[in-house]
Amino acid sequence: MTSLNNKYPEISIQTEDFDHGVEVNLLENNNVEDGAVVTFSGRVRNNNLGLTVKGLFLEHYPDMTEKLLAEIIQTAKKRWDIGRVKIIHRIGQLAIGEQIVFVGVTSKHRQDAFAANEFIMDFLKVSAPFWKKELTELGETWLAAKASDKEKAQAWSK
Amino acid sequence: MIKVIFFAALREQLGSAGTEINADSATTVAEVKVALGEKNNNWQHYLTNNSLLCAVNHQMVNSDFSVKAGDEVAFFPPVTGG
């Protein structure tokens, strides 16, 4: 297992966009131990709950966010045989179609990378201190947490 | 002093990103909420919302968690990132 070095930290909270291809390269470069690379990226969609969405604003709790995400990564590494992990989450004002989040995981075989990637996303959703404010035709609204997201995360402990 | 900070919808409802309370006025998270409500009557309603989450020094805690001088206590709504 080769971890990303300090130059490429596992966690990045940033206002600027990221390049999906570059991130995949960083997961793969000098990493011949791992045959599987699973990535997830989340984007701003133009609709939610029947309303037209015009944009999103992302706020977070600096320091706590990084700590929480590091804990999620550590838990995933204990549970699955995975190699490199990268989480990018954007904050600030985002337009329709822009990337919000990236999770990349490598492993020797696909099962561990698929599972760990989904686990990281599920726990990021319910425990990392990020909040979305949506701009729709009706104005600005802070999004409410979804019960289905909580159930999804809880399902991992069954 | 205990540093108190608010995020997202709660910050907007309270009209404040944070404040400080005297460490003598609260020994638990629940007491911090009471002290904040006494400090500003308009805040009480929002701080008694059951869905509100709390972190002390970046760790999620329950309302009976102990607090002391120098702690950073954060209150915020359920998270919605990803």
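Up top you'll find the structure we're talking about.
The rules behind each value
- Residues numbered from 1 in each chain as written.
- Chains lettered and ligands numbered in written order.
- Predicted model: local features only at pLDDT ≥ 70, side-chain atom pairs only at ≥ 80, totals over all residues.
- Heavy atoms only, no water.
- Helix = DSSP H or I, 4+ residues; strand = E, 2+ residues; numbered from the N terminus.
- Phe/Tyr/Trp six-rings, centres within 6.5 Å; stacked < 30°, edge-to-face > 60°.
- Buried < 20%, exposed > 50% of the residue type's maximum accessible area, 1.4 Å probe, protein only.
- Contact = heavy atoms within 4.5 Å.
- Buried area = accessible area lost by both parts, 1.4 Å probe.
- Salt bridge = Lys/Arg side-chain N within 4 Å of Asp/Glu carboxyl O.
- Polar contact = N/O pair within 3.5 Å; in protein donor to acceptor, adjacent residues only side chain to side chain.
- Nonpolar A, V, L, I, M, F, W, Y, C, P; charged D, E, K, R; others polar.
- Pairing = 2+ DSSP bridges.
- Axes fitted to C-alpha atoms, helices over the stretch in contact; angles between N-to-C directions.
- Arc of directions from axis to C-beta.

A. Inspection of unusual backbone geometry at higher detail. If you check the backbone angles, A:Asp63 has positive phi at about 80 degrees while not being a glycine. Its place among the elements puts A:Asp63 in the loop between β4 (51-60) and α2 (64-79).

B. Up close: the packing of aromatic side chains. Applying the stated rule across the entire model yields 11 aromatic pairs over all chains. Judged by centre distance (4.7 Å) and plane angle (40 degrees), the ring pair of A:Phe119 and A:Phe123 falls under tilted. Placement of both A:Phe119 and A:Phe123 in helix α3 (residues 110-127) is noted, with a separation of four residues, approximately one turn of the helix. The class of A:Phe123 is partly exposed, set by a relative accessible area of 24%. For the pair A:Phe119 and A:Trp156, a centre-to-centre distance of 5.5 Å together with 85 degrees between the ring planes defines the contact as edge-to-face. Of this pair, A:Phe119 sits in helix α3 while A:Trp156 sits in the segment after α4 (147-154), placing them 37 residues apart in sequence. By relative accessible area, which is 3% here, A:Phe119 ends up buried. Take A:Trp156: its relative accessible area is 17%, and that puts it in the buried class. An aromatic cluster of at least three residues, connected via ring pairs, comprises A:Tyr61, A:Trp131, B:Phe7 and B:Phe76.

C. Structural detail: the interface of chain B and chain A. Residue-level contacts link 19 residues of chain B with 26 residues of chain A. If you sort the residues of chain B by the area they bury against chain A, B:His58, B:Thr80 and B:Gly82 come out on top, with a joint share of 39%. Between A:Lys133 and B:Glu12 there is a salt bridge, and its shortest N-O distance comes to 2.7 Å. Here chain B is connected to chain A by 13 residue pairs in polar contact (both at pLDDT 80 or more). Taken together, the residues of the side of chain B that touches chain A break down into 11 nonpolar, five polar and three charged.

D. View of the sheet that holds strand β1 (residues 11-14) of chain A. Residues and elements named next belong to chain A. Pairing is mixed in the open sheet, where four strands are placed in the order β1-β5-β7-β2. Looking at strand neighbours, the two that pair on one side only are β1 and β2 (36-43), the edges of this open sheet. Across the sheet, the mean angle from the axis of one strand to that of its neighbour is 10 degrees, orientation sign disregarded. Taken together, the six bridges between strand β5 (residues 82-90) and strand β7 (residues 99-107) define a ladder with antiparallel strand orientation. Bridging across to β7, isoleucine 87 finds its partner in valine 103.

E. Spotlight on the side chain of B:Asp71. All names here are of chain B. Mapped onto the secondary structure, aspartate 71 falls in the loop between β4 (59-61) and β5 (72-76). Judged by relative accessible area, aspartate 71 falls into the buried class, the value being 4%. Ignoring sequence-local partners within four residues, the contact set of aspartate 71 consists of Met1, Ile2, Lys3, Val56, Asn57 and Ser66.

F. Summary view of the pairing of β4(A). Residue and element names in this part refer to chain A. Note: strand β3 (residues 47-48) against β4, two bridges, orientation antiparallel. Looking at β4, one finds that asparagine 47 is bridged to threonine 52. Remark: two residues form the turn of the hairpin made by β3 and β4, two consecutive strands paired antiparallel; leucine 49 in that turn has positive phi of roughly 50 degrees. Inspection of the sheet shows β4 paired to strand β8 (residues 130-136) by seven bridges, in the antiparallel sense. Note that in β8 the partner of glutamate 59 across the bridge is tryptophan 131. In this structure, β4 lies alongside strand β6 (residues 92-95), joined through four bridges in antiparallel fashion. Bridge pairing in β6 links phenylalanine 57 to glutamine 93.

G. Inspection of helix α1 (residues 20-28) of chain A at higher detail. Residue and element names in this part refer to chain A. Within α1 the residues assigned to the buried category are Glu23, Val24, Leu26 and Leu27. Taken down its axis, α1 places every buried residue within 160 degrees of arc, on the same side. Between a side-chain oxygen at the N-terminus of α1 and the backbone nitrogen of glycine 21 the separation is 2.9 Å; the capping residue is aspartate 19. Once α1 finishes, asparagine 30 follows within two positions and takes phi at roughly 50 degrees, a positive value.

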